[in-house]
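Structural overview
One letter stands for each residue in the lines below.
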Amino acid sequence: MNPPRKLHIKSYGCQMNVYDAQRMVDTLAPEGFVETSSVDDADLVILNTCHIREKASEKVYSELGRLRVAKDEAARHGRHMSIAVAGCVAQAEGNEIIRRAPVVDVVVGPQSYHHLPQLLARAKSHGRALETEFPVDDKFGFLAPPKPEAIRARGISSFVTVQEGCDKFCTFCVVPYTRGAEVSRPVARIVDDVLRLADNGVREITLIGQNVNAYHGEGPDGRTWSLGTLLHRLADIPGIVRLRYSTSHPRDVEESLIAAHRDLPALMPFVHLPVQSGSDRILAAMNRKHTADDYRRVIDRFRAARQDIAFSSDFIVGFPGETEEDFAATLALVRQIGYAGAYSFKYSPRPGTPAADMRETVSAGEMDERLVRLQGLIDSQQSAFNAATIGNTVDVLFERAARNPGQIVGRTAYLQPAHVMASVDIIGQVLPVAIESLERYSLLGELADPPHARPSPPAFSQMTISSQTTTGA
Ligand code: 5AD
Ligand code: SF4
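As a starting point, this report considers the structure included with it.

Quick notes on the rules
- Residues numbered from 1 in each chain as written.
- Chains lettered and ligands numbered in written order.
- Predicted model: local features only at pLDDT ≥ 70, side-chain atom pairs only at ≥ 80, totals over all residues.
- Heavy atoms only, no water.
- Near = heavy atom within 4 Å.
- Polar contact = N/O pair within 3.5 Å; in protein donor to acceptor, adjacent residues only side chain to side chain.
- Areas by Shrake-Rupley, 256 points an atom, 1.4 Å probe, with all protein chains shown as cover.
- Helix = DSSP H or I, 4+ residues; strand = E, 2+ residues; numbered from the N terminus.
- Nonpolar A, V, L, I, M, F, W, Y, C, P; charged D, E, K, R; others polar.
- Phe/Tyr/Trp six-rings, centres within 6.5 Å; stacked < 30°, edge-to-face > 60°.
- Buried < 20%, exposed > 50% of the residue type's maximum accessible area, 1.4 Å probe, protein only.
- Lys NZ or Arg CZ within 6 Å of the ring centre and 35° of its normal.

With that settled, consider the site of ligand 1. Taken together, 14 residues lie around ligand 1, and Arg53, Phe172, Gln276, Asp314 and Ser348 are the ones closest in. Within the side chain of Gln276, a nitrogen or oxygen atom sits 2.6 Å from an oxygen atom of ligand 1. Here an oxygen atom of ligand 1 sits 2.7 Å away from a polar atom, N or O, in the side chain of Asp314. Coverage of ligand 1 by the protein chains reaches 99% of its 410 Å² of free accessible surface. Secondary-structure elements contributing two or more residues to the shell around ligand 1 are strand S15 (310-317) and strand S16 (341-346).

Now the structure itself:
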């Protein structure tokens, strides 16, 4: 038997890229690849790139400069190190990468990962391989399922892609160009994935897609299923105690999704619902297809279905034409909704998008200043949300041993990290925790005696969100 070849993947950007990286590992496992955390002893290095905001491609080229040194060093020891560029920069600038970076052996777009073994073989025989164009119906081409050991090693929480691509064409966004048109996976394949994950210890599933609530997959009954119907089906799978989904678009919130929040205790009361701006003028220029009031009404529908629900969002400041009045409307919306957390970004023109042709009117200084004001407001809401948990007993799904000896860390319904002193046996269980204090973004508490009530509603809706950025919607 050949010795295993070593694979190192460096992923940037969104949850979808984290998931894709795992699927690349799974697809290359039957080829004899095992993952390594070190670049230097890797036989194959994959850069899984992100194109959503500024400086993405420059970052890739400077990373490739470093990899050239590692590749030369490997060659000096008689080893060939292959280098592949994957992800959205590969999709958007594949030919340019091949031209500018001779160190790269393979360029592969997000819709072609199932061809990685053939691409590597082609690169070996022909020198280099590029594949970024694929027919839409092949988008979810066969990717090897993870092995049970791989699932167990990745822990009790897992992403599952249910949908890819976006048809919304917000004027600032590259996703419709890099990830292509919206496509949904059939229900049966998703159920198979979740059954396999649950059988191997996964307790929490986050369904992901660039516009996840536009999901319309083929059901086993031959009908088209919505995200709400899919969630009902997945909630029946033994072992799955928590369900989440990300990222949603306010225009695609169907009644079945609201009903799922009302009916399914496993569906966590925490929704990432990007709004981008609170100004109708800017929302129109962004081609968001909703007004600030439409957004408020969607939030109200969720809250009517589940009163302990909390929200996070994405915001862009400094979109072309954004005045101080427009920005004030964004701050007003944030005050009105009361977020548990949010990501905010300075607008950056993305080549090929309609907004890149708009005249930029907001200076770099104004953008910085608006970002600071918006983040200050969001941070204060997030801190208040976290502080409101102190003194309450909340459900925590325990994930792993923490850095401090004897401590186990898990997450609340709102993704707040929570630490308790306990035995590792509690990993994988949802247990009530009496929250005693807050250290930065982490809650500290003690295991409480069951039974207890459902996660107590926060005083108002704020919380901590994980550092992983989102994509889409
Ligand atoms: N400039 C700044 N932020 C952007 N986003 C997407 N495109 C851009 C851009 N050109 C942000 C949006 C989106 C999040 C994933 O990234 O807020 O929701
Ligand atoms: Fe689609 Fe979201 Fe990008 Fe808009 S911001 S085009 S909804 S992925």
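Right, picking up where we left off after that structure.
Our focus in this paragraph is the site of ligand 2. Every residue close to ligand 2 is listed here: Cys166, Lys168, Phe169, Cys170, Phe172, Cys173, Val175, Pro176, His249, Arg288, Gly472 and Ala473. Class assignment of the residues belonging to the shell around ligand 2 gives a composition of eight nonpolar, two polar and two charged.

For the rest of this paragraph, the subject is the packing of aromatic side chains. Tallied over the entire structure, the rule returns seven aromatic pairs. Taking the centre distance of 6.4 Å and the plane angle of 75 degrees together, the rings of Phe270 and Tyr414 count as edge-to-face. Taken together, the residues Phe270 in strand S14 (residues 270-272) and Tyr414 in the loop between strand S18 (407-411) and strand S19 (417-421) connect sequence positions 144 residues apart. Per residue, the accessibility class of Phe270 equals that of Tyr414, and both read buried. Ring centres 5.7 Å apart and planes at 70 degrees place the aromatic pair Phe302 and Phe311 in the edge-to-face group. Exposure class is identical for Phe302 and Phe311. Each is buried. It is Arg100 that lies over the ring of Tyr61; its NZ or CZ is 3.6 Å from the centre.

Read these as spatial facts, not as claims about activity.
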